[in-house]
Structure formats: structure tokens, C-alpha cells
Amino acid sequence: MALESRLRDVENRLEQACSRSGRRREDVRIIAVTKYVSTATAEAVVRAGVTHIGENRWPDAKAKWEALGDQAVFHYIGSLQTNKVKDVIGKFDYIHSLDRLSLAEAIQKRAQALDLTVSCLLQVNVSGELSKHGLEPGAVRPLLEELRRFDRIKPIGLMTMAPYESESEETRPVFRALRQLRDELNASSVLDEPLTELSMGMSNDFEVAVEEGATWVRLGTVLVGKEEIEEG
Ligand SMILES: *Cc1c(COP(=O)(O)O)cnc(C)c1O
């Protein structure tokens, strides 16, 4: 399928998920996850009007950032090693994978050196799968408390990945739990400003995530497809 028809299909499905759940379409934004595709395809996605790009490894993202850094907003969605922070901060406007204090320290230091503030989402391992990164839900609040010391980090929301399910409906409890956690944190005194963002939903389960309150869906295969790439 061509990119335009995939985009149209995704749009229809997003609109339907919004209307089923009484949400406004403009409250859900698409991040095109381009890790499986070439720079040329990433450029086509941006030309088609999807100007938020998600990547999960800097070596793969580099060529795309060099081509599109001034036209698109870049989201870092993969697990981030502390020694890679210097490559990423200053290029990616959003970090979706903040999950530990040592990483926060590295981001703070780098952001200070570059004199900027980084918008971060805390990654939560709601399902408890051992293969998944992220904080256990009970560890989110203590980390947010620590983050109050870091003036270069702005916590704006939570991110999760649901386990792969052949029936996407089965992911609903994961997404619902992330929203409830966000609402509890916002009702507590731990934050000066509320967490507004929920980064959840991928190709396989984005409609359920939208019904449960996603503000960012991270779409790879369903939107941009998958290619054999040999670059970077
Ligand atoms: C790869 C990836 C996605 C997109 O995956 P698809 O299933 O192809 O949509 C979304 N989020 C994260 C964190 C990823 O690593």
C-alpha cells in the first residue's frame, strides 16, 4: 500500500476511535516511527504532513535527523543508555524513555551544558513483562520527586508499551492503568504542573490506546511500512 493510502486509513481509524470515546481528533497526535524505513521514506512521511518522527537508536536516526531535523520534531522512544545522552539531547525535543535517576542526571547535565530544557515522559512497565524497560508503576512517584531537583527536565507525561496481543482489546487494561496512574499523580502534590501526555499505542493496538486516552500514538509498520534498509 502506498503511504498516502496508509495515512488515510490510519486517519479514519483514529477518527473512529476518537468518536467512539468522545475525544477530539486534535487531542491525539501521530508520531511516525521510522526505524524500519529509509531516510527517503521518512522524508515522504514529513511531506505528507506527519511532522513528528520517532526513532529508538541514534545510529539509525542520524541520517534522518540530518535530513529532516529542521522540518520535523524528533522523539526519542527507545531505551537510552547514559553514554548516548550526549548524542541525543539537543536533537530530540522529546524523550519518551526516562526510567531511572542516573539517566535523569545525565540528561540534566547535558541540557545544562547546552542551555536548554528537555521535555520528558517517564516510561512505565505497566504489564510487568521482564523483557520490557520502564519503571514499575510504584516507582514513578519517587522518581518524579527526585526530578524536582532537575531544573532542565520538564516531566510532561507517561509512556508505555503494551505486550503484543493478537486481540488488541486485551491491551486495554495496560493503557487504562497508565491513564489512571497519570490522573493519580496529577491529583497528588508531587508535581508543580500536571502531566498532560500519554504516549501509548502502536500499530497493533493504537485504537484501544486512543479510547483509553493516548495523546501520542507511535506508529511504525501501519503507517510507514517496513523496508529492508542498508544505511547508517
Ligand atoms: C518500534 C516502536 C514503535 C512502532 O512499532 P509498530 O508496531 O511498527 O507501530 C512504537 N514504540 C516504540 C517504543 C517502538 O520501539
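For clarity, every value in this text was computed on a predicted model and none was experimentally measured.

### A short note on the overall build of the protein
Next, step 1: What the protein contains, in helices and strands, is nine helices and eight strands.
Next, step 2: Its C-alpha radius of gyration of 17 Å places the protein within 12% of the 17 Å reference for a compact globule of 232 residues.
Next, step 3: By principal-axis analysis of the C-alpha atoms, the protein measures approximately 50 × 40 × 30 Å.
Next, step 4: Counting over 232 residues, the protein shows a buried share of 48%.
Next, step 5: Of the contacts made within the protein by residues no fewer than 6 positions apart, 59% connect residues no fewer than 24 positions apart.
Next, step 6: Taken as two groups, the 31 positive and 38 negative side-chain charges of the protein have centres that lie 3 Å from each other.

### Focus on the pairing of strand 6 (residues 153-159)
One face of the sheet, then the other: side chains in a regular strand alternate in exactly this way.
Next, step 1: Of all seven residues that make up strand 6, six are buried, and the element is covered over most of its length.
Next, step 2: Bridge count for strand 5 (residues 118-123) against strand 6 is six bridges, and the pairing is parallel. The partner of Leu-122 across the bridge, within strand 6, is Leu-158.
Next, step 3: Running through helix 6 (residues 140-147), the crossover from strand 5 to the neighbouring parallel element strand 6 is right-handed.
Next, step 4: Where strand 6 meets strand 7 (residues 197-199), three bridges bridge the pair, whose relative direction is parallel. Within strand 7, the residue paired with Gly-157 across the bridge is Glu-197.
Next, step 5: At this point the chain moves from strand 6, through helix 7 (residues 172-187), to the parallel strand 7, and the crossover so formed is right-handed.

### Describing the site of the ligand
Next, step 1: Every one of the 13 residues lining the ligand counts as a neighbour, but Lys-35, Ser-203, Arg-218, Gly-220 and Thr-221 are closest to it.
Next, step 2: In the environment of the ligand, a nitrogen atom lies 2.8 Å from a nitrogen or oxygen atom belonging to the side chain of Arg-218.
Next, step 3: A distance of 2.8 Å is found between an oxygen atom of the ligand and a backbone nitrogen or oxygen belonging to Gly-220.
Next, step 4: Expressed as a share of its isolated accessible area of 390 Å², the protein-covered part of the ligand is 91%.
Next, step 5: Its residues placed into classes, the shell around the ligand shows seven nonpolar, four polar and two charged.

### Section: the environment of Val-88
Next, step 1: As for its placement among the helices and strands, Val-88 is situated in helix 4 (residues 85-88).
Next, step 2: Taking the C-alpha atoms as reference, Val-88 lies 19 Å from Ser-38; in sequence the two are 50 residues apart.
Next, step 3: With residues near it in sequence (within four places) discarded, Val-88 still touches Trp-58, Tyr-76, Leu-80 and Ile-95.

### A look at the UniProt feature "domain: Alanine racemase N-terminal" (unreviewed entry) in the protein
Next, step 1: The sites that carry the UniProt feature "domain: Alanine racemase N-terminal" (unreviewed entry) are, in the present numbering, residues 14-226.
Next, step 2: Spanning residues 14-226, this segment combines 37% helix with 18% strand, and its end C-alpha atoms are found 21 Å apart.

### Things to note about the pattern of salt bridges
Next, step 1: Taken as a whole and judged by the stated rule, the model has 23 salt bridges.
Next, step 2: Two residues, Arg-24 and Asp-27, come together in a salt bridge whose shortest N-O distance is 3.1 Å.
Next, step 3: Residue class for Asp-27 comes out partly exposed when judged on its relative accessible area of 31%.

### Comments concerning the UniProt feature "modified residue: N6-(pyridoxal phosphate)lysine" (unreviewed entry) in the protein
Next, step 1: Here, the residues flagged by UniProt with the feature "modified residue: N6-(pyridoxal phosphate)lysine" (unreviewed entry) are Lys-35.
Next, step 2: Along the polypeptide, Lys-35 turns up in the loop between strand 1 (29-33) and helix 2 (39-47).

About the cut-offs
- Residues numbered from 1 in each chain as written.
- Predicted model: local features only at pLDDT ≥ 70, side-chain atom pairs only at ≥ 80, totals over all residues.
- Heavy atoms only, no water.
- Helix = DSSP H or I, 4+ residues; strand = E, 2+ residues; numbered from the N terminus.
- Rg over C-alpha atoms; globule rule 2.2 N^0.38 Å.
- Buried < 20%, exposed > 50% of the residue type's maximum accessible area, 1.4 Å probe, protein only.
- Contact = heavy atoms within 4.5 Å.
- Lys, Arg positive; Asp, Glu negative; His and termini not counted.
- Charge placed at Lys NZ, Arg CZ, Asp CG, Glu CD.
- Pairing = 2+ DSSP bridges.
- Right-handed = clockwise from strand over helix to strand, strands pointing away.
- Near = heavy atom within 4 Å.
- Polar contact = N/O pair within 3.5 Å; in protein donor to acceptor, adjacent residues only side chain to side chain.
- Areas by Shrake-Rupley, 256 points an atom, 1.4 Å probe, with all protein chains shown as cover.
- Nonpolar A, V, L, I, M, F, W, Y, C, P; charged D, E, K, R; others polar.
- UniProt positions renumbered as here; feature names shortened; annotations may be inferred.
- Salt bridge = Lys/Arg side-chain N within 4 Å of Asp/Glu carboxyl O.

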